[in-house]
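What follows is the residue order along each chain.
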Amino acid sequence: MNAVASQDQATAGLTGPVLGDDEFQFLRTFVYQHCGIALSEQKHQLVQGRLVRRLRALGLKGFDAYCQLLRTDPDSELGELASAISTNVTAFFREVHHFEALTNEMLPRWLEQKRREGDRLRIWSAGCSSGEEPYSLAMVLAEALERCGRSIDAKILATDLSPAALAAAQKGVYPIERLEGVSAERRHRWFLRGEGEYAGLACVHPKLRELVTIAPLNLLHDWPMQGPFDAILCRNVVIYFDQPTKQKLFRRFARLLPAGGPLFLGHSESMHGLSDEFELIGRTIYRKKIA
Ligand SMILES: C[S@@+](CC[C@H](N)C(=O)[O-])C[C@H]1O[C@@H](n2cnc3c(N)ncnc32)[C@H](O)[C@@H]1O
């Protein structure tokens, strides 16, 4: 136990497990290796605060037991650990200019091409959190498919490493106030009024669910998918990663995109100086260079 920290806690009248220096160093290395998140020395108290709830949920008395769990069974706790120290904040139609570009430029073009080639259309929401991003995509995709009037094999893959986020995405049930970014027309069209245990909540329409496949995936581990994807959204995810981790990830995304295929990043993320395989084509929209 870290004596200074425990004294501080006692002085502050707080009780609870204290994250020792050695345990914090172990967690830093673990989180960097498995989640790509580089925690600075200054994050010691923050990590302790965020993980106390996990210890309680697991019925563990101290951080030594928690570190032991990570050593013996890293995969079982990885998602929860990553969720605890990062954020799952998301929203329907977050960064709406991305959905406008998809609706007005990209989807009509791709669907026209697919009509000719009889090909599949695939979009990947990498780091999908609780599902608002892939279901927003599903709305614009379903509407574009309807306008195009032909049956096209179109799907959205939605992945994340957080078990809690994935469970929420799978459920597709949201408090009404979460629908803030959704127009009245779309609320009416793509959500059902919840009943029974979901009374007062909004349930994603089964037609949208059919378009979305939700799966666990750590972006730092192996990917089972071969691609190609017509587009990849990885928004507000790489913000936690250090430069080498971002560079490697962008190289891997490039392998799964065709020439000209777009990669969407979050509002505060950039590829500047990290990849020469992409070029900027819009607000945080990049495309794989056409050689
Ligand atoms: C802030 S949310 C962004 C959600 C959505 N993309 C958006 O922009 O609204 C970041 C998500 O990335 C996920 N994430 C972080 N590191 C990850 C990793 N190594 N592999 C997969 N998902 C990760 C988190 O679990 C979280 O759900």
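Only a predicted model underlies this, so the values are computations on that prediction, with no experimental measurement involved.

**Digging into the pattern of salt bridges**
All chains considered together, the criterion is met by 10 salt bridges. The closest approach of N and O atoms between lysine 114 and aspartate 230, which form a salt bridge, is 2.8 Å. Note that lysine 114 is positioned in helix H6 (residues 96-117) and aspartate 230 in the loop between strand E6 (212-216) and strand E7 (231-234), a separation of 116 residues in sequence. Look at aspartate 230 and you get buried, because its relative accessible area is 11%. Aspartate 153 is the salt-bridge partner of arginine 122, the closest N and O atoms lying 3.2 Å from each other. Here arginine 122 is found in strand E1 (residues 121-126), whereas its partner aspartate 153 is found in the loop between helix H7 (132-148) and strand E2 (154-160), with 31 residues between them in sequence. Overall, arginine 122 belongs to the buried group, its relative accessible area being 15%.

**Quick word on the sheet that holds strand E3 (residues 173-175)**
The sheet built from 3 strands is open, its strands ordered E3-E5-E4 with antiparallel pairing. Each end of this open sheet is capped by a strand with a single partner; those strands are E3 and strand E4 (191-193). The average undirected angle you get between the axes of adjacent strands in this sheet is 35 degrees. Strand direction decides the pairing type here: E4 and strand E5 (residues 201-204), joined by 3 bridges, are antiparallel. When the bridges of E5 are listed, phenylalanine 191 appears paired with valine 204.

**Things to note about helix H3 (residues 44-58)**
For H3, with 15 residues, the first-to-last C-alpha span of 21 Å sits near the 21 Å given by 1.5 Å per residue. In H3, a bend of some 30 degrees at leucine 51 exceeds every other bend along the element. For H3, the full list of buried residues reads His44, Val47, Gln48, Leu51, Val52, Arg54 and Leu55. Of the residues flanking the end of H3, it is glycine 59, one or two places downstream, whose phi is positive at about 70 degrees.

**Here's the deal with the sheet that holds strand E9 (residues 278-282)**
Spatially, E6-E2-E1-E7-E8-E10-E9 is the arrangement adopted by the 7 strands of the open sheet, whose pairing is mixed. At either end of the open sheet lies a strand with only one pairing partner, and these are E6 and E9. Direction aside, the axes of adjacent strands within the sheet are offset by 25 degrees on average. Relative to E2, E1 runs parallel, the two sharing 6 bridges. Note on E2: the bridge partner recorded for leucine 121 is alanine 154.

**Regarding the domain arrangement of the chain**
Taken domain by domain, the chain comprises domain 1 (3-85) and domain 2 (96-288). Averaged C-alpha coordinates put domain 1 and domain 2 at centres separated by 32 Å. Counting residues at the interface gives 13 residues for domain 1, matched by 11 residues for domain 2. Across the domain 1/domain 2 interface, buried area totals approximately 860 Å², and carbon plus sulfur atoms make up 56% of it. On inspection of domain 1 and its partner domain 2, the count reaches 0 salt bridges. At the surface where domain 1 touches domain 2, the tally comes to 3 residue pairs in polar contact (both at pLDDT 80 or more).

**Remarks on the environment of arginine 193**
Tracing the backbone through its elements, the reader meets arginine 193 in strand E4. As for arginine 193 and histidine 205, which are separated by 12 residues in sequence, their C-alpha atoms are 9.7 Å apart.

Cut-offs applied
- Residues numbered from 1 in each chain as written.
- Predicted model: local features only at pLDDT ≥ 70, side-chain atom pairs only at ≥ 80, totals over all residues.
- Heavy atoms only, no water.
- Salt bridge = Lys/Arg side-chain N within 4 Å of Asp/Glu carboxyl O.
- Helix = DSSP H or I, 4+ residues; strand = E, 2+ residues; numbered from the N terminus.
- Buried < 20%, exposed > 50% of the residue type's maximum accessible area, 1.4 Å probe, protein only.
- Pairing = 2+ DSSP bridges.
- Axes fitted to C-alpha atoms, helices over the stretch in contact; angles between N-to-C directions.
- Expected span 1.5 Å × (residues − 1).
- Bend = angle between axes of the 7 residues up to and from the residue.
- Domains from an automatic or database assignment.
- Contact = heavy atoms within 4.5 Å.
- Buried area = accessible area lost by both parts, 1.4 Å probe.
- Polar contact = N/O pair within 3.5 Å; in protein donor to acceptor, adjacent residues only side chain to side chain.

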